[in-house]
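Each chain, letter by letter, is given below.
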Amino acid sequence: AENLKTTKFKNGDLITNVTGDAAWVALTGPAYCWYNNDESTYKPLYGALYNWFAASSDNLCPEGWHVPTNAEFETLEVFLGMTADQASEWEWRGTDQGSKMKNTTGWGTTGNGTNSSGFSALPGGYRFYGNGSFNLAGTLGYWWSSSEDGGAGIYRMLQNDHDDVYKLGTTKTAGKSIRCVKDTK
């Protein structure tokens, strides 16, 4: 029920922490950062932001856990009341499934959710793939899936002024949050 905060792969290798904007944009391998490069302020509440190269690694989450696939996100959305047809679509979908995923606090006076899912989503913002800038913490949150479509990494987004859920693919150097899912046996 919180965003990943690890700085090491499960095999003990360090994940590259990239602070420079130009270096972030040029990445071709796994990396992470803290929002605004400020670990002490943002790590406790929002966790780290990772690029898709880290999200797609089988080595990122702790033993017995993994980054969810797009299909696993769709399963959650359907469980929360979205139709299967809606879940398979792109962009804004559903009705109140985003509200069910949002925490009851932390989204401003009008953006908090019910958190009936236990997902406890908080608006950790993102790192822009185009110039490495940090944007919109406190307003929206993004979560990578380990899936890709047409060379783009697939993500989910929740926003303070929406109760539904946004799904799209984007450039793999974008910085987004990650939730790990327990492996099934």
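Provided above is the structure to which this section pertains.
Report follows, based on the coordinates. Predicted model, so just to flag it, every value in this text is computed and none were measured.

### Let's talk about the overall build of the chain
Okay, step 1: If you tally the helices and strands in the chain, you get six helices and eleven strands.
Okay, step 2: A buried classification covers 46% of the 185 residues belonging to the chain.
Okay, step 3: Partitioning the contacts of the chain with sequence separation of at least 6, the portion at a separation of at least 24 is 58%.
Okay, step 4: Only carbon and sulfur atoms are counted for the fraction: they give 50% of the accessible area of the chain, which is about 8400 Å².

### Re the state of the cysteines
Okay, step 1: The full count for this structure, using the stated rule, is one disulfide.
Okay, step 2: Paired through a disulfide, cysteine 61 and cysteine 180 show a sulfur-sulfur distance of 2.2 Å. As the torsion about the S-S bond is roughly -85 degrees, the cysteine 61-cysteine 180 disulfide counts as left-handed. Taken together, the residues span a long stretch of sequence, with cysteine 61 in the loop between helix H3 (52-55) and strand E4 (65-66) and cysteine 180 in the loop between strand E10 (165-170) and strand E11 (181-182) at a distance of 119 residues.

### Brief notes about the pairing of E10
Okay, step 1: Two strands pair when backbone bridges link them, and strand E5 (residues 91-93) and E10 are joined in this way by three bridges, in the antiparallel orientation. When the sheet's bridge partners are listed, glutamate 91 is paired in E10 with lysine 167.
Okay, step 2: Direction of pairing for strand E9 (residues 152-159) relative to E10: antiparallel, over a ladder of five bridges. Bridged to glycine 153 within E10 is threonine 170.
Okay, step 3: Joining the antiparallel neighbours E9 and E10 is a turn of five residues.

### Things to note about the packing of aromatic side chains
Okay, step 1: A complete count under the given rule lists eleven aromatic pairs for this structure.
Okay, step 2: Ring centres of tyrosine 32 and tyrosine 50 lie 6.2 Å apart, and the angle between their planes is 40 degrees; this geometry places the pair in the tilted category. Of this pair, tyrosine 32 sits in strand E2 (residues 31-33) while tyrosine 50 sits in strand E3 (residues 49-50), placing them 18 residues apart in sequence. For the pair formed by tyrosine 32 and tyrosine 50, the shared burial category is buried.
Okay, step 3: Measuring from centroid to centroid gives 6.1 Å for tyrosine 42 and tyrosine 46, while their planes differ by 20 degrees, and the two rings are stacked.

Calculation criteria
- Residues numbered from 1 in each chain as written.
- Predicted model: local features only at pLDDT ≥ 70, side-chain atom pairs only at ≥ 80, totals over all residues.
- Heavy atoms only, no water.
- Helix = DSSP H or I, 4+ residues; strand = E, 2+ residues; numbered from the N terminus.
- Buried < 20%, exposed > 50% of the residue type's maximum accessible area, 1.4 Å probe, protein only.
- Contact = heavy atoms within 4.5 Å.
- Areas by Shrake-Rupley, 256 points an atom, 1.4 Å probe, with all protein chains shown as cover.
- Disulfide = S-S within 2.5 Å.
- Pairing = 2+ DSSP bridges.
- Phe/Tyr/Trp six-rings, centres within 6.5 Å; stacked < 30°, edge-to-face > 60°.

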